[in-house]
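# Architecture and fold: a report
What follows is each chain in one-letter form.
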Amino acid sequence: MDKITVLDFGGQYCHLISRRVRELGVYCEVLPSDTSAAELKAMDGLRGVILSGGAASVYDESSPAYSPDILEAGVPILGICYGHQLLAHIGGGRVSGGKVGEYGLTSLKVKDSRGLLAGVGVKSDVWMNHRDIVAKLPAGYRVLASTRHSPIAAYANDKSRIFGVQFHPEVTHTAKGMRMLGNFVRLCKAKSDWTMKDVIGKSVEEARETIGAGKAIIGLSGGVDSSTAAVLLSRAIGERLTAVYVDTGLMRHGETEFMEKAFGGRKMDFRVVRAADRFFAALKGVEEPERKRKIIGALFIEIFDEAASEVGAEYLVQGTIYSDRIESGITRHSDNIKSHHNVGGLPKDMKLKVYEPLRDLYKDEVRAMARQLRLPDAIITRHVFPGPGLGIRILGEVTPEKAEICRQAGRIVEEELRKAGVYEKYWMGFAVLLPVKSVGIQGDSRTYKCPVVIRIIESKDAMTANFSKVPYQILEAISTRITNEIQEVNRVVYDITNKPPATMEWE
Ligand code: XMP
């Protein structure tokens, strides 16, 4: 498969570049800024390299490391923003501090529309975010376009196939940005074979080759990633895939029925393990958050192990996606996953081999795959839910009674968000049960009961998040219903903390 690689110089839009190239149908991945020309040359199917933007100045000592022989990678190279300056700098040109910065929408005057800027027109709006400028080009380069403050806003060296743009073609504000990236892809002669149909076909093939005649097991959490991985694998190996859904007693309302409906009739060995008693027994008396996580994680593994040896599986399939690997700090293809995403981490002595069919996909691509594989909409659009479930939303000791309160409160939050038509706007909306009591008045008597916290969050990448400024009417409807419908609760509070400093979950 042809591919284009983005080298990450720390710019906030680095992954956006990669996604845009994929939208153009070419597989794209992000690698560290100092990936060497030799490493690039050794890559199968590499057709082009893009250097991302970044906050540094090419003269800073702290600027990200790069391989000085990058120009000899043997494929076309496009520098964006910082990358544009760096390529000019390496080639022997001059970068200088601009008199004024250019931030935001800027008018680009195209002087030469051959190649990179073909079809852009003489004037076009572009998105800028810089102060340094390329002041002088290396020999053999021609200027393609300028703006008021950047006389060399785009350049090309046709012979060595090196291109630069000071602006960001990957953001939607740049009117003809996709056209420019498309031109670069054409200059790279990269084949467009990264369509979801192709991806599914290739993944099914890969899964068949990997698992061979053996058996695989997958833990189904009900989230879109593991669900998509399961349905993909079921296409590849059918009933040799055992999909285990563990009812821990700490799941969302109606989850087991939901999962039975979604997976029961499919071509796979789907199993529900009802293990609530085991989880509650193991959690009895435990208050400390990390211990709770460990206990829950260990029990999950125990149950998978039991199922795996029962069916004789050799492979453990996981729904790890590209962003999970980025979050875990993948560099140079290392594949360690944050334990967080594995419900407490995998044991070191695990005999099962791990297979991650979605490892290269962005979340929106997983959703697109899920649609193509005809997974129910309810799975594709639902809020994420943590592996340890309500266990980390019930502060202090976890009991079946508290789990039921927390589950019902969470159900009400979700129902009211859906009723108001805003459910899909949010990353998560859920309820947390506190282990303290406060005084209330219900009917004619004073009460002394536990409060419920409502947490509704907006986030793009899970790394940072803002609490949602949900209209008061919705919060009021949630609060009224919770205190009316759940006997054990007399007070509802709203969490107004961003992440950081708080995490999304309370434990
Ligand atoms: P935090 O609380 O770390 O959550 O801000 C970020 C996102 O990760 C989810 N989360 C987990 N998911 N196992 C999981 O599978 C876990 O142990 C876990 N802890 C948090 C959380 O729900 C949010 O979407």
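Here, the structure is the one placed above.
Residues numbered from 1 in each chain as written. Predicted model: local features only at pLDDT ≥ 70, side-chain atom pairs only at ≥ 80, totals over all residues. Heavy atoms only, no water.

A separate point is the pattern of salt bridges. The full count for this structure, using the stated rule, is 29 salt bridges. With a shortest N-O distance of 3.0 Å, E23 and R20 are connected by a salt bridge. A residue pair is termed a helical-turn pair when its members lie 3 or 4 positions apart in one helix, as E23 and R20 do in helix α1 (residues 14-23) at three residues. The closest approach of N and O atoms between K363 and D225, which form a salt bridge, is 3.1 Å. Note that K363 is positioned in helix α11 (residues 363-372) and D225 in helix α6 (residues 224-237), a separation of 138 residues in sequence. Salt bridges here are not isolated pairs; linked through shared partners, they connect R411, E415, E416, K419, R481 and E485. (Salt bridge = Lys/Arg side-chain N within 4 Å of Asp/Glu carboxyl O. Helix = DSSP H or I, 4+ residues; strand = E, 2+ residues; numbered from the N terminus.)

Okay, the packing of aromatic side chains next. Evaluation of the coordinates by the stated rule reveals nine aromatic pairs. Summarising the aromatic geometry, the rings of F9 and Y82 are spaced 5.5 Å apart at their centres and angled 45 degrees between planes, so their arrangement reads as tilted. Highlighted residues: F9 in the loop between β1 (3-8) and α1 and Y82 in helix α3 (residues 82-91), separated in sequence by 73 residues. When sorted by exposure, F9 lands in the same class as Y82, which is buried. Ring geometry for F163 and F184: centres 6.2 Å apart, planes at 75 degrees, overall edge-to-face. One end of the pair, F163, is in strand β9 (residues 162-165); the other, F184, is in helix α4 (residues 177-187), with 21 residues separating them in the sequence. A relative accessible area of 3% means that F163 is categorised as buried. Note on F184: relative accessible area 1%, which makes it buried. One aromatic cluster in this structure is built from F279, F300 and F304. Sitting over the ring of Y423, R418 keeps its end group 3.8 Å from the ring centre. (Phe/Tyr/Trp six-rings, centres within 6.5 Å; stacked < 30°, edge-to-face > 60°. Buried < 20%, exposed > 50% of the residue type's maximum accessible area, 1.4 Å probe, protein only. Lys NZ or Arg CZ within 6 Å of the ring centre and 35° of its normal.)

As a further point, take the packing of helix α5 (residues 196-211) against α6. Put simply, α5 and α6 touch, their axes get as near as 8 Å, and they point 65 degrees apart. By the angle between their axes, α5 is roughly perpendicular relative to α6. As for how α5 packs across α6, the hand of that crossing is right-handed. Counting all contacts with α5, which are made through I200, S203, V204, A207, R208 and I211, the residues of α6 involved are L232, L233, R235, A236 and I237. Along the lines of polarity and charge, the residues of the contact of α5 with α6 split into eight nonpolar, one polar and two charged. (Axes fitted to C-alpha atoms, helices over the stretch in contact; angles between N-to-C directions. Parallel < 35°, antiparallel > 145°, perpendicular 65-115°, else oblique. Left-handed = near helix turned anticlockwise from the far one by under 90°. Contact = heavy atoms within 4.5 Å. Nonpolar A, V, L, I, M, F, W, Y, C, P; charged D, E, K, R; others polar.)

The next point concerns the sheet that holds strand β10 (residues 216-219). With parallel pairing, the five strands of this open sheet are ordered in space as β12-β11-β10-β13-β14. The outermost strands of the open sheet, each flanked by one partner alone, are β12 (269-274) and β14 (353-355). Along the sheet, successive strands turn relative to each other by an average axial angle of 30 degrees, direction set aside. Bridging between β10 and strand β11 (residues 241-247) involves four bridges; their strand directions are parallel. Looking at the pairing, I217 lines up with T242 of β11. Of the strands in this sheet, β10, β11 and β12 are in contact with helix α9 (residues 289-311), which crosses β11 at around 150 degrees. (Pairing = 2+ DSSP bridges.)

Summed over the entire model, instances satisfying the criterion amount to zero disulfides. Left unpaired, C81 is separated from the closest cysteine sulfur, that of C14, by 12 Å. Taking relative accessible area as the criterion, C81 reaches 4% and is therefore assigned buried. (Disulfide = S-S within 2.5 Å.)

Quick look at the side chain of S57 now. Here S57 is to be found in the loop between β3 (46-51) and β4 (77-80). The class for S57 is buried, based on a relative accessible area of 16%. At 2.7 Å, the side chain of S57 forms a polar contact with the side chain of D132. Beyond its immediate sequence surroundings of up to four residues, S57 is in contact with S63, Y82 and D132. (Polar contact = N/O pair within 3.5 Å; in protein donor to acceptor, adjacent residues only side chain to side chain.)

Further remarks concern the pairing of β10. Tracing the backbone out of β10, into α6 and back to the parallel element β11 gives a crossover that is right-handed. Two strands pair when backbone bridges link them, and β10 and strand β13 (residues 315-317) are joined in this way by three bridges, in the parallel orientation. Among the inter-strand pairings, A216 is bridged to a residue of β13, identified as Y315. (Right-handed = clockwise from strand over helix to strand, strands pointing away.)

We now examine the sheet that holds strand β5 (residues 94-110). Pairing is mixed in the open sheet, where nine strands are placed in the order β2-β1-β3-β4-β9-β8-β7-β5-β6. In this open sheet, the two strands that pair with only one neighbour each are β2 (27-32) and β6 (123-136). Strand after strand, the sheet turns through a mean of 20 degrees between neighbouring axes, direction not considered. Judged from the six bridges that link them, β1 and β2 form a sheet pairing that is parallel. Across the sheet, the residue bridging to V6 is V30, located in β2. Most of the contacts of α1 go to β2, to which it runs at about 160 degrees, and overall it touches β1, β2, β3 and β4. Its contacts with the sheet put α4 on β1, β3, β4, β5, β6 and β9, and the angle it makes with β4 is roughly 155 degrees.

Membership of the largest hydrophobic core comes to 48 residues, with the highest contact counts inside it found for I456 and I482. Mapped by element, the contributors of at least two residues to this core are β11, α8 (276-283), α9, α13 (400-419), β15 (428-433), β17 (445-458) and α14 (472-485). Among the elements that line this core, the one with the most residues is α9, at nine residues. The next biggest cluster of nonpolar side chains, apart from the first, holds 41 residues, and it includes V199, I200, I237 and Y245. (Core = buried A, V, L, I, M, F, W, Y, C linked by side-chain atoms within 4.5 Å.)

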